[in-house]
Each structure stands twice: as structure tokens, then as C-alpha cells.
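Coordinates in review
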Amino acid sequence: MNPTVDIIYKYFPKLTPAQKEQFAKLEEVYPFWNDQINVVSRKDIESLYLKHVLHSLGIAKFVTELTPGTRILDVGTGGGFPGIPLAILFPHVHFHLVDSIGKKIKVVREVAEAIGLKNVDADHIRAEQLDYKYDFVVSRAVTRLADFAPWIRNKFEKKDKNAIPNGILYLKGGDLKEEIKESKLKAELHSLSSYFEDEFFDTKYVVYVPM
């Protein structure tokens with residue numbers, strides 16, 4: 001039995017009624033668009049809340065509060081993960097979701113509009129081509145950290161406005177010791193299994209890299 005939206009309510013009990021409604025709507029909107037433009041594997045769409053929505057929100061268990069006006073870039077967002085779940089949770093934070101595949105950005109825009117998200121912009125562009133600055137860059141395992149870091153190295157605001165310094169918040173699974181060593185980044189690993197009970201999270205992490 002795949003978890004329903006209740007798993008989100010369980011781990012985030014302080015949601016407003018509007019946020020609860022937005023999370024609940026994802027169950028209708030994503031399968032509809034996924035049938036037209038495949039952004040989530042057919043097998044995983046049934047596990048939407050566990051493997052995509054809750055996984056994305058792992059970042060919010062590590063960074064529990066964000067200052068209003070914080071700007072976050074989601075690189076290689078695909079169908080909107082982790083950006084869209086995080087944008088629901090942090091309505092006073094601005095999210096810029098980018099992907100090099102245009103049809104995926106179409107899905108992101110349609111989902112954001114359908115659930116009434118006002119704090120999301122989505123663009124068909126590569127991260128390297130952006131001229132903007134952000135407080136944090138988030139992503140979900142788009143490539144190895146050694147390849148990812150150069151794409152976004154110059155994309156950060158110099159001044160910190162949150163409890164932790166500006167940097168990368170990267171969702172990744174598996175044994176990451178070699179990958180972090182290869183990247184030469186000063187990375188912190190935060191296990192998602194310390195926040196979520198399901199065994200799906202046993203080998204998954206938030207990788208935080210202050211920049």
C-alpha cells in the first residue's frame with residue numbers, strides 16, 4: 001500500500017489548511033500531466049508522496065526555517081522536485097526551477113498554476129546560463145557533485161540571511177564518501193533516516209555544502 005498525502009501531514013503537522021490542500025492536489029495533477037509528458041517513472045507515480053514529495057521535503061527537515069525573501073534555485077528540477085514541495089512549505093521564499101528539457105518545465109508551470117503557487121518561476125535554461133544570485137541551490141541527484149558544483153559556483157549571494165550559510169542542499173543516496181572526496185567540497189551528510197521512518201530513506205541524505 002503506497003502512502004497517501006497523510007504521510008506529509010504526519011511529518012509536517014503545522015501545515016495551514018491552504019498548504020494541506022495544495023499537497024493533496026498533487027495526487028490529481030501529477031498523474032494527469034505524467035500521462036502526457038513523462039516526468040516520473042510509471043512505477044514511481046504510485047509512490048508520489050513517499051518517493052518524490054516527502055523525499056523533497058527532507059531538505060526542510062534539515063533547514064527548518066527560512067527567512068522571508070530567501071531565493072532558492074532548483075537545478076535540473078525535472079517535474080518540479082524538490083522545488084514544488086518546498087515552495088508549498090515555504091510560501092514566503094522565492095523558488096526558481098530550471099531544467100534543460102523544455103517539456104519538463106511545461107509540467108512544472110502547469111502544476112504550479114493548478115495548485116495556486118505564487119512563489120515559483122520555472123525556466124527552460126541551463127544553470128550555467130543564469131545571471132541571478134541565490135541564497136541556496138537545491139537539486140536531487142542530477143549528477144556527481146564534482147560535475148554539479150562548477151555549474152553553480154558563482155550563483156550565490158555573498159551575504160547570508162538564514163541560520164546556516166548560503167550553499168548547496170543536494171539530495172543524494174548511496175555511499176557518498178568517494179563522491180565527496182572527488183568533489184573536494186567541504187560537505188556535510190545528514191541522513192534522511194533520522195527524520196523519516198520508512199526504509200526508503202535508509203540510504204538517502206541531504207548533502208549540505210556551504211559556499
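Everything quoted here is computed from the prediction, not taken from an experiment. (Residues numbered from 1 in each chain as written. Predicted model: local features only at pLDDT ≥ 70, side-chain atom pairs only at ≥ 80, totals over all residues. Heavy atoms only, no water.)

This part covers the environment of Leu-15. Residue position: Leu-15 is located in the loop between helix 1 (6-11) and helix 2 (17-36). The sequence separation of Leu-15 and Ala-114 amounts to 99 residues, and the corresponding C-alpha distance is 19 Å. For Leu-15, the residues in contact, after removing those within four places along its chain, are Ile-8, Tyr-9, Lys-20, Phe-23 and Leu-89. (Helix = DSSP H or I, 4+ residues; strand = E, 2+ residues; numbered from the N terminus. Contact = heavy atoms within 4.5 Å.)

According to UniProt, the "binding site: S-adenosyl-L-methionine" (unreviewed entry) feature falls on Gly-76, Phe-81, Ala-127, Glu-128 and Arg-140. Structurally, Phe-81 can be placed in the loop between strand 1 (71-75) and helix 5 (83-89). Apart from residues lying up to four places away in sequence, Phe-81 is in contact with Tyr-30, Val-40, Leu-48, His-52, Val-53, Ser-56, Asp-74 and Arg-140. With respect to the helices and strands, Glu-128 occurs in the loop between strand 3 (120-124) and strand 4 (136-140). (UniProt positions renumbered as here; feature names shortened; annotations may be inferred.)

Within the secondary structure, Lys-204 is located in strand 7 (residues 204-210). Buried charge without a salt bridge: Lys-204, with Asp-198 as the nearest opposite-charge side chain at an N-O distance of 8.8 Å. From its side chain, Lys-204 meets the backbone oxygen of Phe-200 in a polar contact 3.4 Å long. Not counting residues up to four positions away in its chain, the partners in contact with Lys-204 are His-55, Lys-172, Gly-173, His-190, Ser-191, Leu-192 and Ser-193. (Buried < 20%, exposed > 50% of the residue type's maximum accessible area, 1.4 Å probe, protein only. Lys, Arg positive; Asp, Glu negative; His and termini not counted. Salt bridge = Lys/Arg side-chain N within 4 Å of Asp/Glu carboxyl O. Polar contact = N/O pair within 3.5 Å; in protein donor to acceptor, adjacent residues only side chain to side chain.)

The subject of this paragraph is the sheet that holds strand 4. Here we have seven strands laid out as an open sheet, ordered 3-2-1-4-5-7-6, and mixed in their pairing. A strand with exactly one partner marks an edge of an open sheet, and here the two such strands are strand 3 and strand 6 (188-191). On average, each strand axis in the sheet is inclined to that of its neighbour by 20 degrees, with strand direction left out of account. The sheet contact formed by strand 5 (residues 167-173) and strand 7 spans seven bridges and is antiparallel. (Pairing = 2+ DSSP bridges. Axes fitted to C-alpha atoms, helices over the stretch in contact; angles between N-to-C directions.)

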